[in-house]
Amino acid sequence: GLDQPGIGGQLVSFVRDFDLGRSLAASLLLVVLATTGAVFATRLTTAGVLAVVAVAALLPLALTGHAAGASNHAAAVDTQAAHLVGVTVWAGGLAGLVVLRRPLEARFPLAARRFSRLAGWCFVLVAASGVVGALVRAGGWPGLISPYGALLAAKVVALGLLGLAGWRHRRRVLRDLDDSAGGTGRAFARLAGGELVVMAVAIGLAVALGRTSPVRAGAEQERLSLTESLLGYPMPPPLGLAEWFTQWRVDTVWVPAAVLAAAWYVTAVIKLRRRGDRWSVSRTVAWVSGCLVLVWATSAGPSVYGRVLFSIHMVEHMTIGTLVPILLVLGAPVTLALRTTRARHDGSRGPREWLLLLVHSPVFRFFGNAVVAPVLFIGSLIAFYYSPALELSLRTHTGHVLMTAHFIIVGYLFAWVICGPDPGPKRPDYPMRLVILIGTMAFHAFYGVSMMGSVEILGQEWFSALDRPWGPTLAQDQYRGGALAWALGDYPVAILAVALALAWIRDDDRETRRYDRQADRDGDAQLAAYNAMLQRRATAERALHGGSQDAPEQVQRPRSG
């Protein structure tokens with residue numbers, strides 16, 4: 001019990017020395033933050049931020065249980081995290097609707113219909129992550145024909161019942177729901193209550209699954225070599241040209257994210273075209289290319305060999321941190337989202353309202369500043385490679401995911417400052433942006449050169465522990481990594497420079513057309529005033545010098561087109 005002597009020291013040791021303790025402590029901290037904030041929150045924005053914190057509190061729990069110990073650790077943890085998020089948002093949202101059914105009054109039917117769409121996506125997420133997680137942990141028929149498989153089958157039945165209940169919600173109850181139909185409201189409460197009971201059973205089965213070991217887990221662990229236990233997969237063959245594209249290990253975080261991002265973008269473009277609006281093909285190509293490059297960098301050769309060779313890790317880093325963000329920025333996703341999402345006029349916030357809030361928020365204004373973004377871009381590079389963060393990203397799946405997310409975000413902010421077409425805080429004029437680009441990438445190149453001459457082996461403990469029978473020594477590999485960091489900085493600079501020049505030309509052209517329209521409306525009053533000022537100045541000079549001088553030449557403004 002908590003009153004036992006020395007319990008405090010044991011608790012501290014548990015949190016400090018064990019992965020399970022650290023995961024539970026991180027989750028508890030986020031839960032306390034979310035619940036305490038919810039007590040004092042009075043603004044909708046605060047509630048939205050706390051909702052994100054509450055969802056984040058679920059993610060450390062995915063690192064516990066059998067997901068953390070599965071041979072395919074990354075896929076197991078990712079599917080477990082997705083499963084937890086889907087179940088919690090689904091069950092919590094439904095319970096919230098039941099509790100708030102009377103306080104919402106006339107707004108309840110609209111809230112129920114909106115939540116129905118969210119619940120549908122949660123159902124898909126729970127089903128997909130459950131199937132993948134079962135395949136990863138059960139490992140075929142021996143794992144399914146077992147107590148673990150029996151519990152899994154019962155959970156599948158519960159999910160099927162929930163799917164039927166959701167179908168009934170959408171087809172009957174929600175269709176007839178309105179503020180005057182008290183009987184329909186009670187029918188919704190009864191059906192939702194039944195759903196919550198089935199959800200409780202499914203969650204109980206999930207807890208039982210977490211305490212039941214799949215048949216194959218122990219035997220597989222005994223057959224793993226040290227290299228396989230560190231990497232999570234066998235040592236890949238020597239790296240050649242073909243291996244860049246033939247060695248694949250699908251990343252269960254970034255591949256689904258890239259596929260969903262590309263699907264959303266293409267769907268939004270089709271929606272625009274169907275209503276007669278135009279959208280640049282080059283922007284579509286840039287966004288889809290960014291998604292494809294992200295898939296390749298996180299699942300193909302750069303990812304597979306990036307944990308084996310430092311030089312390939314630099315290729316992965318440069319691709320994720322520079323090329324991918326540039327392509328995504330050039331796709332103008334914020335502009336596309338604002339043009340294709342529906343505005344709400346009932347005081348609530350949908351995707352459009354939250355996106356506008358983020359774009360114009362003080363947070364984005366600070367991190368998207370023309371000074372802060374380049375400093376983050378370079379400072380993150382130095383802090384990452386000269387701190388334990390490098391080894392953490394190599395040893396842990398969570399560290400690798402966080403590293404990837406961080407460098408995508410930092411690279412996106414920097415690329416947006418230079419040439420982003422999307423709206424946001426005020427940025428410097430184009431000449432200053434060019435100076436920022438040249439200065440930042442020059443420092444980036446200098447960093448690569450300094451890495452080539454460094455005698456300290458970065459990530460030495462990790463790379464030396466791998467039994468790699470081929471390839472260069474650690475010192476030679478790091479020299480190659482520095483050279484690649486230097487050389488691979490050139491093509492992002494070229495892309496950014498071209499994009500900046502095109503944006504500069506388009507902006508000047510728009511400004512010229514604007515002046516032309518203004519001149520057509522007011523008879524070019526601004527130019528006439530300027531010429532009149534020149535005439536007055538010339539008259540004053542003639543009077544001062546007492547002589548005759550030529551009249552000043554009248555300025556003629558060129559017309560666009």
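Along every chain, residues carry numbers that run from 1 in the direction the sequence is written. Predicted model: local features are reported for residues with pLDDT of at least 70 only, side-chain atom pairs are reported and counted for 80 or more only, and whole-chain, interface and lining totals are derived from all residues. In computing side-chain values, all of the structure's heavy atoms are included and hydrogens and water are not.

Trainee: Describe the packing of helix H14 (residues 254-274) against helix H18 (residues 333-340), with residues and values.
Mentor: Fitting a line to C-alpha atoms yields each axis, with helices limited to the stretch in contact; the angle taken between N-to-C directions then spans 0 to 180 degrees. Numbering goes from the N terminus for both helices and strands, where a helix is a DSSP run of H or I of at least four residues and a strand is a run of E of at least two. Where H14 meets H18, the axes come as close as 10 Å, and the angle between the chain directions of the two elements is 50°. Between H14 and H18, the angle is such that the two are oblique. Seen along the crossing, H14 lies across H18 with a hand that is left-handed. Across the interface between the two elements, Trp 264, Tyr 265, Ala 268, Val 269, Lys 271 and Leu 272 from H14 touch Pro 333, Leu 336, Ala 337, Arg 339 and Thr 340 from H18. Its residues placed into classes, the contact of H14 with H18 shows eight nonpolar, one polar and two charged. Roughly parallel covers angles under 35 degrees, roughly antiparallel covers those over 145, roughly perpendicular covers 65 to 115, and oblique covers all other angles. In this scheme, a crossing is called left-handed if the near helix is turned counterclockwise away from the far one by less than a right angle; it is called right-handed if the turn is clockwise. Every residue pair with non-hydrogen atoms within 4.5 Å of one another is taken to be in contact. Each residue gets one label: Ala, Val, Leu, Ile, Met, Phe, Trp, Tyr, Cys and Pro are nonpolar, Asp, Glu, Lys and Arg are charged, and the others, such as Gly, are polar.

Trainee: Could you give an account of the packing of helix H17 (residues 310-330) against helix H21 (residues 372-385), naming the residues involved and the relevant values?
Mentor: One can describe the packing of H17 onto H21 by two numbers: an axis separation of 13 Å at closest approach and a directional angle of 155°. What the angle tells us is that H17 and H21 run roughly antiparallel. Here H17 and H21 pass one another in a crossing that is right-handed. Each of Phe 310, His 313, Met 314, His 317, Gly 321 and Thr 322 in H17 lies in contact with H21, whose residues at this interface are Phe 377, Leu 381, Phe 384 and Tyr 385.

Trainee: Account for helix H23 (residues 397-419), naming residues and giving values.
Mentor: The span you would expect from a helix comes to 1.5 Å times its residue count less one. Counted at 1.5 Å a residue, the expected span for H23 with its 23 residues is 33 Å, and the 33 Å between its end C-alpha atoms agrees. Note on classification: 1.4 Å probe, protein chains only; a residue is buried when its accessible area is under 20% of the maximum for its type, exposed when over 50%, partly exposed between these limits. The element H23 is extensively covered by neighbouring structure, given that 17 of its 23 residues are classed as buried.

Trainee: Let's hear about the pattern of salt bridges: which residues, and what values?
Mentor: The term salt bridge refers to a side-chain nitrogen of Lys or Arg lying within 4 Å of a carboxyl oxygen of Asp or Glu. Using the criterion set out here, one finds four salt bridges in the structure. The partner of Arg 275 in a salt bridge is Asp 277, and the shortest N-O contact between them spans 2.6 Å. When its relative accessible area of 44% is taken as the criterion, Arg 275 is described as partly exposed. The class for Asp 277 is partly exposed, based on a relative accessible area of 26%. Among the ionic pairs, Arg 395 bridges to Glu 391, the shortest N-O distance being 3.2 Å. Of this pair, Arg 395 and Glu 391 are both found in helix H22 (residues 389-395), four residues apart, which corresponds to roughly one turn of the helix. Residue class for Arg 395 comes out partly exposed when judged on its relative accessible area of 36%. Here Glu 391 falls in the buried class, since its relative accessible area comes to 18%.

Trainee: Explain a nonpolar patch on the surface to me, using residue names and the numbers behind them.
Mentor: Each patch is assembled from residues with relative accessible area greater than 30% and no salt bridge, linking like charges that lie within 9 Å and nonpolar side chains (Val, Leu, Ile, Met, Phe, Trp, Tyr) that lie within 5 Å. Method for areas: the Shrake-Rupley scheme with a 1.4 Å probe, in which residue coverage is limited to the protein chains shown. Taken together, the side chains of Ile 382, Tyr 386, Phe 443 and Phe 446 make up a nonpolar region of the molecular surface, amounting to roughly 390 Å² of accessible area. Looking at where Phe 446 falls in the secondary structure, it is placed in helix H24 (residues 430-452). A residue is classified by how much of its surface remains accessible, and Phe 446, at 55% relative accessible area, is exposed.

Trainee: Explain helix H15 (residues 281-299) to me, using residue names and the numbers behind them.
Mentor: Its 19 residues place the ends of H15 27 Å apart at the C-alpha level, agreeing with the 27 Å of an ideal helix rising 1.5 Å per residue. The set of residues buried in H15 consists of Thr 284, Ala 286, Trp 287, Gly 290, Cys 291, Val 293, Leu 294, Val 295, Ala 297, Thr 298 and Ser 299. The elements touched by buried residues of H15 are H14, helix H16 (301-306), H17, H18 and H23.

Trainee: Describe the nonpolar core, and please don't skip the residues or the numbers.
Mentor: What is meant by a nonpolar core is a set of buried Ala, Val, Leu, Ile, Met, Phe, Trp, Tyr and Cys residues, joined one to another through side-chain atoms within 4.5 Å. Ranked by internal contacts, the top residues of the largest apolar core, which has 29 residues, are Phe 310, Tyr 385, Leu 390 and Trp 462. Only helix H12 (226-231), H16, H17, H21, H22, H23, H24 and helix H25 (460-465) provide two or more residues apiece to this core. Of all the elements, H17 adds the most residues to this core, at five residues. In this structure, Tyr 385 is in contact with Phe 310, His 313, Met 314, His 317, Leu 390, Tyr 447 and Leu 458, ignoring residues within four places of it in sequence. Residues Ala 268, Trp 287, Val 293 and Leu 323 belong to the second largest nonpolar core, which totals 24 residues.

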